[in-house]
Amino acid sequence: MAKARKTPRRGASRARSKPSRRVPTWLIAVCGVVLGLFVAFLFQLEPGRETVKRNTAPPQPAVAPAPSKPAGPSYDFYTLLPESEVVVPKAPPAPPPPPAAKAEPEVAAKPTSSTQYYLQAGSFRQRSEADRVRAQILLMGLDVRLEDAKLANGETWHRVQVGPFGDQGKLAQAEQTLAGNGFSNLLRQQRTTNR
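Residues numbered from 1 in each chain as written. Predicted model: local features only at pLDDT ≥ 70, side-chain atom pairs only at ≥ 80, totals over all residues. Heavy atoms only, no water.

**Q** Whenever I open this one, the overall build of the protein chain confuses me. Can you help?
**A** A tally of helices and strands in the protein chain yields four helices and four strands. In sequence order, the secondary structure elements of the protein chain are arranged as α-α-β-α-β-β-α-β. Once local pairs closer than 6 in sequence are excluded, the contacts in the protein chain between residues at least 24 apart make up 66%. Total accessible area computed for the protein chain in this model is approximately 18200 Å², and 58% of it derives from carbon and sulfur atoms. (Helix = DSSP H or I, 4+ residues; strand = E, 2+ residues; numbered from the N terminus. Contact = heavy atoms within 4.5 Å. Areas by Shrake-Rupley, 256 points an atom, 1.4 Å probe, with all protein chains shown as cover.)

So, in structure tokens, the structure goes:
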């Protein structure tokens, strides 16, 4: 007679699972005692008992003592304002312009030349890059414009120019602002215009 082949038990080749952790009996007993004491405490609080009732009488308003002189300084807008007023001295009136000689009939005024200063913050081949730099400078509160320059070989470069400035002081201030925000290669330009 042939020996019957044993079929393996289902799941026999799998690793055995770890035994589940059981909560100790003494821990369950301690939790039960604590819960029981809490419930007993709640039953001791009776809603009709005098120790639990609220006081229904309205609270008496506290009488504030008369205010004494404050320890620290007291600021009053109407007192401080006249004390901080600054009187600006009046400047002497500007002298009247000298009378023009009436020997010749009035002729068209000579054109006067004025000098304006610019700062070139960059020169770019791509218009989008020049617009990005222009937007950054506009956010700093400076006047800025783009100027297109055509080179001899036909290329177009886009210059970012800050200005115009009427004097060297304003130019230096704008240059400091730009340098403080990372624009280090600034090129000064001076242009004379006839008016």
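**Q** What should I look at first to understand the side chain of His158 in this one?
**A** Within the secondary structure layout, His158 lies in strand β3 (residues 156–165). Polar side-chain contacts of His158 include one of 2.7 Å to the side chain of Asp148. (Polar contact = N/O pair within 3.5 Å; in protein donor to acceptor, adjacent residues only side chain to side chain.)

**Q** Hey, could you run me through the nonpolar core in this one?
**A** Nonpolar side chains in soluble globular proteins tend to end up buried together. Of all hydrophobic cores here, the largest spans 17 residues; its most connected members are Ile137, Val160, Val162 and Leu178. At the level of elements, β1 (113–124), α3 (127–139), β2 (144–150), β3 and α4 (168–180) are the ones that each hand at least two residues to this core. No other element matches β1, which puts four residues into this core. For Ile137, the contacting residues outside a window of four places in its chain are Ala121, Leu142, Val144, Val160, Val162, Leu178 and Phe183. (Core = buried A, V, L, I, M, F, W, Y, C linked by side-chain atoms within 4.5 Å. Buried < 20%, exposed > 50% of the residue type's maximum accessible area, 1.4 Å probe, protein only.)

**Q** Whenever I open this one, the pairing of β2 confuses me. Can you help?
**A** Note on strand geometry: in a regular strand, side chains alternate between the two faces of the sheet. Sheet topology places β2 next to β3; seven bridges connect them, and they run antiparallel. What sits directly across from Val144, in β3, is Val162. What sits between β2 and β3 in their antiparallel hairpin is a turn of five residues, with Gly154 showing a positive phi close to 95°. (Pairing = 2+ DSSP bridges.)

**Q** Just checking my understanding: could you explain the pattern of salt bridges for this structure?
**A** Pairs can form between side chains of opposite charge whenever their charged atoms are close. Per the stated rule, a full pass over the model turns up five salt bridges. Ionic pairing is found between Arg127 and Asp148, a salt bridge with its closest N-O pair at 3.4 Å. Of the two residues, Arg127 is situated in helix α3 and Asp148 in strand β2; the sequence distance between them amounts to 21 residues. On the accessibility criterion, Arg127 (40% relative accessible area) is partly exposed. Put simply, Arg145 and Glu147 hold a salt bridge, and the shortest N to O gap is 3.6 Å. On the basis of relative accessibility, which here comes to 30%, the residue Arg145 falls in the partly exposed class. Judged by relative accessible area, which is 18%, Glu147 ranks as buried. Shared partners join several salt bridges into a network, and the residues in it are Arg145, Glu147 and Arg159. (Salt bridge = Lys/Arg side-chain N within 4 Å of Asp/Glu carboxyl O.)

**Q** Explain α3 here, please?
**A** Every α-helical turn comprises 3.6 residues, leaving residues that sit three or four positions apart pointing alike. Given a rise of 1.5 Å per residue, 13 residues ought to cover 18 Å, and the 19 Å separating the end C-alpha atoms of α3 matches this to within 8%. Burial in α3 covers these residues: Ala130, Val133 and Ile137. Along the axis of α3, the buried positions cluster into a sector of 65°, meaning they face one direction only. Residues Ser128 and Leu139 are exposed on α3 and point more than 90 degrees away from its buried face. Looking one or two places after α3, you find Gly141, whose phi comes out positive at around 90°. (Expected span 1.5 Å × (residues − 1). Arc of directions from axis to C-beta.)

**Q** Before we go on, may I ask you to explain the confidence of the model for the protein chain in this structure?
**A** The predicted structure's coordinates, where accompanied by low pLDDT, should not be read in detail. In this model, the protein chain carries a mean pLDDT of 75, and residues with pLDDT of at least 70 account for 62%. Here helix α2 (residues 77–83) stands out as the least confident element of the protein chain, with mean pLDDT 65; helix α1 (residues 25–44) is the most confident, with 92. (pLDDT = per-residue confidence, 0-100.)

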